[in-house]
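Observations on the model geometry
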Amino acid sequence: MLSDDHALADRWLRRITKWGGSPRARLICFPHAGGTASYFRDWARLVPPDIEVRAVRYPGREDRLADSFAETMEELAEALTSAVDPLLDRPVAFFGHSMGASVAYEVAARLHARRAPSYAPAPVALFLSGRAGPGHEHVRSLGEADDEALMAEVVGMGGMEAHTFSDPELRDLVLPAIRADFRLVERYGRTSPGNPLLDTPVFAYYGDRDDHLDPAAVNAWSAVTRGPFVTRSFTGGHFYLAQHAGRLVGDVIGGLRPLLGEPVR
């Protein structure tokens, strides 16, 4: 029988990799606004077998459809911090895309704030994608926009195919989650996180044709850590990672290996 702590972890963090051995490390992936854990299912074949991949199950979608959406970043980050805690028996790294980058950062800040000075950093690395650093976000009011404007924005960013919204049942299923996440992100973007400096290495990724990002906004992530900071661009827009998954995952694993005391493979 699972302990309550591990049941909480499984409720919030779907295991993407199916290998049953003891992992060398864990990579926890935080989806974008409106995104689901399933977005990262193809990463299972891209990681080496000693890295366990888990993806965040945001409430209000997929197998948590009956659960209420998170209203604030604080609510979401606090719940996820508790869910991650039982998994810290192995080195853990976070990857977050778009909204997920901010969520990953907030969870990392909470773990950092409560750890004893003698403990190793958790996470050991932050891989943040498609998101401006705190205080540099371009805040829009799409959470309150009408359905047509919201759908047009999502399709324009490449986050969903237009035909998804042509099916009324499917549209009614996915649009509330998208709207709820945009509201959460917009509320968060209007506040100052005020978190302590991390010691964690930060790797920031972005698409070089992302209309809502520029290199200066991405480089703003350097201000959240005393540790090393690396930025890298890929050809494409906001969802560049869909076309560059192999290269991106390879870069993430290459950045993670030395932090585990291993050579880059």
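Residues numbered from 1 in each chain as written. Predicted model: local features only at pLDDT ≥ 70, side-chain atom pairs only at ≥ 80, totals over all residues. Heavy atoms only, no water.

Describing the overall build of the chain
Short version of the rule: Secondary structure elements are taken from DSSP: a helix is a run of H or I of four residues or more, a strand is a run of E of two residues or more, and numbering for both begins at the N terminus. To sort residues, take the accessible area from a 1.4 Å probe on protein chains only and compare it with the maximum for the residue type: under 20% means buried, over 50% means exposed, and anything in between is partly exposed. Contacts are assigned to residue pairs with any non-hydrogen atoms lying within 4.5 Å of each other. Only the protein chains shown count as cover for residues, and all accessible areas are computed by the Shrake-Rupley method using a 1.4 Å probe.
Assigned secondary structure in the chain consists of seven helices and seven strands. Listing each helix as α and each strand as β along the chain from the N terminus yields α-β-β-β-α-β-α-β-α-α-β-α-β-α. A total of 265 residues make up the chain; the buried ones form 52% of that total. When contacts within the chain are restricted to residue pairs at least 6 apart in sequence, long-range pairs at least 24 apart make up 79% of them. When the accessible area of the chain is evaluated, it comes to approximately 12000 Å², of which 52% is carbon and sulfur surface.

Focus: the pattern of salt bridges
Worth spelling out the cut-off: We define a salt bridge as a side-chain nitrogen of Lys or Arg found within 4 Å of a carboxyl oxygen belonging to Asp or Glu.
Across all of its chains, the model carries 19 salt bridges by this definition. Residues Arg 14 and Glu 62 are paired through a salt bridge, measuring 3.1 Å at the closest nitrogen-oxygen approach. On the criterion of sequence distance, the pair formed by Arg 14 in strand β1 (residues 13-15) and Glu 62 in the loop between β3 (51-56) and α2 (73-84) is long-range, its members being 48 residues apart. We classify Glu 62 as partly exposed; its relative accessible area is 35%. We note a salt bridge from Arg 57 to Asp 63, for which the minimum N-O separation is 3.3 Å. The exposure class assigned to Arg 57 is buried, which follows from its relative accessible area of 18%. Looking at Asp 63, the relative accessible area reads 49%, which means it is partly exposed. Salt bridges sharing partners connect three or more residues here, namely Asp 10, Arg 15, Arg 26, Glu 52, Arg 54, Asp 89 and Arg 90.

Concerning the sheet that holds strand β5 (residues 125-129)
Definition in use: Two strands are counted as paired when DSSP detects at least two bridges linking them. Every angle, taken between N-to-C directions, lies between 0 and 180 degrees, and every axis is a line fitted to C-alpha atoms, over only the stretch in contact when it is a helix.
Pairing is mixed in the open sheet, where seven strands are placed in the order β1-β3-β2-β4-β5-β6-β7. Where the open sheet ends on each side, the last strands, each with one partner, are β1 and β7 (229-234). Neighbour-to-neighbour, the strand axes of the sheet open up by a mean angle of 20 degrees, direction not taken into account. Direction of pairing for strand β2 (residues 25-30) relative to β3: parallel, over a ladder of five bridges. Its bridge partner lying in β3, Leu 27 is registered against Val 53.

Considering the side chain of Asp 210
Applicable threshold: Two N or O atoms count as a polar contact when they lie within 3.5 Å, although within protein this holds only if one can serve as hydrogen donor and the other as acceptor, and sequence-adjacent residues are included solely when both atoms are side-chain atoms.
Summarising the element assignment, Asp 210 is placed in the loop between β6 (202-207) and α6 (215-219). Polar contacts involving the side chain of Asp 210 include one to the main-chain amide nitrogen of His 212, which spans 2.9 Å. With residues up to four places along the chain from it excluded, the contact list for Asp 210 reads Gly 236, Gly 237 and His 238.

Points about the nonpolar core
So the rule is basically this: Put simply, a nonpolar core is a bunch of buried Ala, Val, Leu, Ile, Met, Phe, Trp, Tyr and Cys residues held in one set by side-chain atoms that sit within 4.5 Å of each other.
Within the largest apolar cluster, 50 residues are counted, with the highest numbers of intra-cluster contacts made by Phe 30 and Phe 94. The dominant element in this core, judged by the number of residues it contributes, is helix α3 (residues 99-114), at nine residues. Those residues in contact with Phe 94, other than ones at most four positions away along the chain, are Leu 27, Ile 28, Phe 30, Val 84, Ala 104, Val 107, Ala 108, Leu 111, Pro 123, Ala 125, Leu 126 and Phe 127. Membership of the second largest hydrophobic core comes to 30 residues, among which are Ile 16, Val 53, Phe 203 and Tyr 205.

Concerning the packing of α3 against helix α5 (residues 168-189)
Short version of the rule: Here is the rule for angles: anything less than 35 degrees is roughly parallel, anything more than 145 is roughly antiparallel, 65 through 115 is roughly perpendicular, and the remaining ranges are oblique. We call a crossing left-handed when the near helix sits turned anticlockwise from the far one by less than a right angle, and right-handed when that turn is clockwise. Residue polarity follows a fixed list, in which Ala, Val, Leu, Ile, Met, Phe, Trp, Tyr, Cys and Pro are nonpolar, Asp, Glu, Lys and Arg are charged, and the others, Gly among them, are polar.
Here α3 crosses α5 at 55 degrees, and the two axes come no closer than 11 Å. Relative to α5, the element α3 is oriented oblique. Crossing hand, α3 versus α5: left-handed. Across the interface between the two elements, Met 99, Ser 102, Tyr 105 and Glu 106 of α3 pack against Asp 181, Leu 184, Val 185 and Tyr 188 of α5. Taken together, the residues of the contact of α3 with α5 sort by class into five nonpolar, one polar and two charged.

A few points about the pairing of strand β4 (residues 92-97)
A regular strand places its side chains on the two faces of the sheet in alternate fashion. Burial analysis of β4 places six of its six residues in the buried class, the great majority of the element. Here β4 shows two buried faces, one formed by Val 92, Phe 94 and Gly 96 and the other by Ala 93, Phe 95 and His 97. Pairing between β4 and β5: five bridges, direction parallel. What sits directly across from Phe 94, in β5, is Leu 126.

Observations regarding the packing of aromatic side chains
Selection rule: Centres within 6.5 Å are what make two rings of Phe, Tyr or Trp a pair, Trp counting through its six-membered ring; a difference in plane orientation under 30 degrees is then read as stacked, over 60 as edge-to-face, and the rest as tilted.
On inspection of all chains with the given rule, the structure shows 10 aromatic pairs. Here Phe 40 and Trp 43 contribute two aromatic rings whose centre-to-centre distance is 5.1 Å and whose plane-to-plane angle is 90 degrees, an arrangement assigned as edge-to-face. Considering the side-chain rings of Tyr 105 and Trp 221, the 5.5 Å spacing of their centres and the 70 degrees angle between planes classify their relative orientation as edge-to-face. You can see Tyr 105 sitting in helix α3 and its partner Trp 221 sitting in the loop between α6 and β7, a full 116 residues away along the chain. Grouping residues by exposure puts Tyr 105 and Trp 221 together as buried. Members of the aromatic cluster, each reached through a chain of ring pairs, are Tyr 39, Phe 40, Trp 43, Phe 95 and Phe 239.

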